[in-house]
Amino acid sequence: MKKQGFNLYPGSYVRGKWSGHGYIIEKELGSGACGTVFLSRNAKGEKCALKIGSDSSRLMLEVNMLKKFGKVQGVKLGPSFVDVDDWVDPSRQTFPFYVMEYIEGAALRSFLKGKSREWVGICALQLLSDLEHLHRAGYAFGDLKTDNLLMVDSRVRLIDVGGVTQFGRAIKEYTEFYDRGYWGLGSRKADPSYDLFAVSMIMLEMAYPGRFEKGVKPSRTLMNKLTASTLLKPYQKMIIQCWEGKYLHASEMKHSLSLVLMKRTMSPPPSRRKKKQQQGSEKVELVTFSILSVLFLGVSIFSFWI
Amino acid sequence: MKPGRLKQILLLTDGCSNHGEDPIAVAALARNQGVTVNVIGVLDDRQHSKPQGLDEIESIAEAGGGISQIVYQKSLSQTVQMVTRQAMTQTIQGVVNKELQEILGKDQTIEELPLDKRAEVVEVVDDLGETCDLEVLVLVDTSASMNHKLPTVKDALYDLSLSLNARTGSNQFCVYVFPDTKKTIKKMIDWTPELEKIHGIFSKISSGGYTPTGPALKEALYAFTEKPFFHSMQDGVDPYEETGL
Ligand SMILES: Nc1ncnc2c1ncn2[C@@H]1O[C@H](COP(=O)(O)OP(=O)(O)OP(=O)(O)O)[C@@H](O)[C@H]1O
Ligand SMILES: [Mg+2]
């Protein structure tokens, strides 16, 4: 919302006024509501991600979260925290910034391109595992959306901890499409199912990359979109249960999802299965026919004998 | 620190005032009375250029110590809740800064604190935003050009109450519209903790051809300052309680 106002280009040098640590800007990675993230190098030449903005309170809240959740119970959830400082630019303006681990990954959508469709479920499963850890610590991720996910070595990683909210409090940041309140399916109070709903919407987005609006009857719209998608067919039951608020914990949804995935991996891929089934039923018909003819023949022979 | 009670006027309009006293002056007065004024300018989805006169929106919010934002109808919900919450944070930060200055000397603000202190103070501000009580008086411009935007406004207000009621602190909302031929503004919904049952509130509105933003804000301010008496009887809270920290 606020004007960002800093001029940073590849090669610019950002030096912290408190610690004196310096970073060389390499390129912009993205920008959002509260700042811009740059790929940069520290003094040792190592890659890191530097987020700079103008709202120092908000950035500091994110730093507090990163410190807390770079690692929860030995499991890495967000990027790990590196540094926090203020930069005084050549015109004597001060900009707060922080530095975190650079996560070199692909956006979920480009990762999924050309992959078989169970990957939609597998990514959701990975996401649910991470959420399970975060939830155990008493926090919801909040602003869970594809923009805040990166795929690294076929594993989903969460970035942007700006929305992480203690259970029982109002979700700090959200994006309408992934927000159960927007769809009329619940409150904006942080609890485990708030994130589970967002997971279901990430799955829906896989089927509808352009997303869609809620229309006059939001829950009807959701149901129509879900049932119209062949990609989501295997997950239909689970997603509906999620929307009905049946899952109170990530582990429960994870369980349903793994049942679906295990079933699918044991049977041949869906495109061929259909044919197989058809062939199969043809076979059944054939067998029946032959048994009948044998019987008939047998009966005729038998009657012949009499 | 004890969370206080924050007071805000949220003005939803789509044009400039053309009648009565200067809305910017009234906003400055409101700020002085401890009431923050936020303004949201609502554009038509088809509208491409900013209609003129919307500079006023920025000036009103500035004078009122609040936040202004001009948005298309389709992002109204998200904006309304964001502006309200940001204005809350801003007010709380202002109070905290004042305290800091008392302790640490002038010109000391959160942004200038050493990093470790800042890390602690932002958590305190965040806590206060979650737990403080909030009163929002929504003032909707229902002049002719706003008419077809009113269903969206209604949705946004419902959404606002959804967002704020997720907080630990309590909320009170009321809704006024203007212009009203008799009393400048007209109360549509009296103070209530939830804006859920607002169906049909904008249906019987006669819209005049003028936009008395200044007088409407003034009436809204009166409605605010008169309100604590009734409120104190309701929940027994000291009506003049300041944003105590
Ligand atoms: N640690 C990181 N490693 C690699 N890329 C990152 C990292 N952090 C952020 N990015 C990239 O920068 C983009 C913007 O970052 P981020 O989401 O933190 O910004 P933001 O201002 O919080 O945006 P918003 O709040 O609107 O989502 C991300 O979408 C991602 O592509
Ligand atoms: Mg983001």
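Relevant structure appears above.
Structural notes, computed from the coordinates. Quantities reported herein were computed from a predicted structural model and do not represent experimental measurements.

As for the pattern of salt bridges
Consideration 1: Within this structure, the stated rule accounts for 22 salt bridges over all chains.
Consideration 2: Note that Asp-179 of chain A and Arg-188 of chain A form a salt bridge whose closest N and O atoms lie 2.9 Å from each other. This pair shows no difference in class: Asp-179 of chain A is buried, exactly as Arg-188 of chain A is.
Consideration 3: Here Lys-218 of chain B ties to Glu-21 of chain B by a salt bridge, and the two come within 3.3 Å at their closest N and O atoms. Linking Lys-218 of chain B in helix H6 (residues 213-235) with Glu-21 of chain B in the loop between strand S1 (5-13) and helix H1 (23-32), this pair joins segments that are 197 residues apart in sequence.

Description of the sheet that holds strand S3 (residues 65-72) of chain B
All names here are of chain B.
Consideration 1: Taken together, six strands build an open sheet; the order of strands is S3-S2-S1-S4-S5-S6 and the sheet is mixed. Because the sheet does not close on itself, it has two edges, and the strands there are S3 and strand S6 (184-192). Each strand axis lies, on average, 20° off the axis of its neighbour in the sheet, ignoring direction.
Consideration 2: Here five bridges tie strand S5 (residues 171-180) to S6, and the two strands are oriented antiparallel to one another.

Some words on the nonpolar core
Consideration 1: Leu-144, Met-201, Tyr-235 and Trp-243 of chain A together with Ile-40, Val-140 and Val-153 of chain B are the most contacted members of the largest nonpolar core, which totals 106 residues.
Consideration 2: With nine residues, helix H4 (residues 192-207) of chain A is the largest single contributor of residues to this core.
Consideration 3: The two domains that each donate at least three residues to this core are domain 1 (13-101) and domain 2 (108-266) of chain A.
Consideration 4: Look past the residues within four positions of Met-201 of chain A in its chain and what remains in contact with it is Phe-177, Tyr-178, Trp-183, Phe-212, Leu-222 and Trp-243 of chain A.

Rules used throughout
- Residues numbered from 1 in each chain as written.
- Chains lettered and ligands numbered in written order.
- Predicted model: local features only at pLDDT ≥ 70, side-chain atom pairs only at ≥ 80, totals over all residues.
- Heavy atoms only, no water.
- Salt bridge = Lys/Arg side-chain N within 4 Å of Asp/Glu carboxyl O.
- Buried < 20%, exposed > 50% of the residue type's maximum accessible area, 1.4 Å probe, protein only.
- Helix = DSSP H or I, 4+ residues; strand = E, 2+ residues; numbered from the N terminus.
- Pairing = 2+ DSSP bridges.
- Axes fitted to C-alpha atoms, helices over the stretch in contact; angles between N-to-C directions.
- Core = buried A, V, L, I, M, F, W, Y, C linked by side-chain atoms within 4.5 Å.
- Domains from an automatic or database assignment.
- Contact = heavy atoms within 4.5 Å.

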